[in-house]
Each structure stands twice: as structure tokens, then as C-alpha cells.
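# Secondary and tertiary structure notes
The primary structure of each chain is shown beneath.
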Amino acid sequence: MLSIAISAKISLLADIEESVKGTDIIIEDDVVIDSFVKIKPAGGSGTLRIGLGSHINSGTVIYTGNGVKIGKGCLIAANCTFAPVNHQFVKADTFIKDQGFLPSKGGIIVEDDVWIGANCVILDGAYLAKGCVVAAHSLVRGKLEAFSIYAGSPLKMIGVRK
């Protein structure tokens, strides 16, 4: 089911696919989705919810996989990837594409007031607590503390928002 609030602003150049597996995609009030954003139900049937007043910038790709929750007032910079799914790859005699997926690590949760810089990759099991900031080109695959600033791959805490 695709549910888009009337006050959401979605570029005509964004690509939001409806699910054939029953995935819910919920875009709340005052969300802004820029051109060339791709939302693709793939790798599972988890729900995607983009919270009130969040902004998703150009070139970002969000797979629904095991679920993605983006809180209120979040800023997602250009060219980020949200991948809440993991391919199985244990059989050497079988193509990876034919092996299915690993069990969920919990999907992706982004709490309110989070800023994710350009070109970040957010993986299954990532939990970005309220108010944290993720520097450009970072890889996130675990828990980030509230109101902290992170950079790099692997991530390092480099400060705290006051």
C-alpha cells in the first residue's frame, strides 16, 4: 500500500514503486522528496515510513527490505543508500542471486532530527538515535548515540551536539 500525505512534496522525477508483496510505503505530512530519489520495495516486505517534515535529497535510493523508519524532521543528503537487507552467499555452486536473503538484523531505524550527509550507506540493523549527525561518505551498520556526530568507515564518534 502506498500512502502519501496531501502536503508531501514529491518531485515528478522521483521514482516510487508500489509493492507487489504488500509492503507499506507511508509518506507523512510536509515530507519533501527530491528528483531522482528511488524508493524500491525489494528484499523483503518491511514497511517504509518517512516522518513529518523530513527531506530526502536527489539521488537517494531506499530499498524497503526488512523495513525503514525515518523519523520527523530528518535531513537525508544527496546520493545516500538505505539497504535493510543482506544477501545469502554460502553456497559456492549457486549464484548469489539465487540464494535468497539472510535473516533480518532489524531493518533501519532513523529517529527524529537526524542529518545524514551526502553519499552515506545505511545498512540493515542500523539505528540512528535522535539528533545524531552522520558525516558525508560514512557507512552505518550499528547503533549511533543520540545527539552525537559520526564520521568515517568504520564510524568514529567525533563530537556531541549541545
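For the structure itself, look to the data block above.
For the structure given in this document, a descriptive report is provided here. (Residues numbered from 1 in each chain as written. Predicted model: local features only at pLDDT ≥ 70, side-chain atom pairs only at ≥ 80, totals over all residues. Heavy atoms only, no water.)

### Here we look at the pattern of salt bridges
- All told, the structure shown has five salt bridges when counted by the stated rule.
- Note that Asp-15 is salt-bridged to Lys-38, the shortest N-O span being 2.7 Å. A residue pair is termed long-range when its members are at least 10 positions apart, and Asp-15 in strand E3 (residues 15-16) and Lys-38 in strand E6 (residues 38-40) qualify at 23 residues.
- When its relative accessible area of 35% is taken as the criterion, Asp-15 is described as partly exposed. (Salt bridge = Lys/Arg side-chain N within 4 Å of Asp/Glu carboxyl O. Helix = DSSP H or I, 4+ residues; strand = E, 2+ residues; numbered from the N terminus. Buried < 20%, exposed > 50% of the residue type's maximum accessible area, 1.4 Å probe, protein only.)

### Digging into the packing of aromatic side chains
- Here the structure, examined in full by the defined rule, presents zero aromatic pairs.
- Just above the ring of Tyr-127 sits the side chain of Lys-143; from NZ or CZ to the centre is 5.2 Å. (Phe/Tyr/Trp six-rings, centres within 6.5 Å; stacked < 30°, edge-to-face > 60°. Lys NZ or Arg CZ within 6 Å of the ring centre and 35° of its normal.)

### Remarks on the nonpolar core
- Membership of the largest hydrophobic core comes to 32 residues, with the highest contact counts inside it found for Ile-33, Phe-82, Ile-116 and Leu-128.
- Non-local contacts of Ile-116, meaning those with residues more than four positions away in its chain, are made with Leu-75, Ile-76, Ala-77, Cys-80, Phe-82, Val-110, Ile-122, Leu-128 and Val-134. (Core = buried A, V, L, I, M, F, W, Y, C linked by side-chain atoms within 4.5 Å. Contact = heavy atoms within 4.5 Å.)

### So, the state of the cysteines
- The full count for this structure, using the stated rule, is zero disulfides.
- We note that Cys-120 lacks a disulfide partner, and the nearest cysteine sulfur, in Cys-80, lies 4.9 Å from it.
- Free of any disulfide, Cys-132 has its nearest cysteine sulfur in Cys-74, 8.6 Å distant.
- Given a relative accessible area of 0%, Cys-132 falls into the buried group. (Disulfide = S-S within 2.5 Å.)

### Quick look at the environment of Asp-29
- Considering the arrangement of structural elements, one finds Asp-29 in the loop between strand E4 (25-27) and strand E5 (32-33).
- Accessibility expressed as a relative area gives 37% for Asp-29, which makes it partly exposed.
- Each C-alpha atom of the pair Asp-29 and Gly-53 lies 6.4 Å from the other, and the pair is 24 residues apart in sequence.
- Separated by 2.9 Å, the side chains of Asp-29 and Ser-7 make a polar contact. (Polar contact = N/O pair within 3.5 Å; in protein donor to acceptor, adjacent residues only side chain to side chain.)

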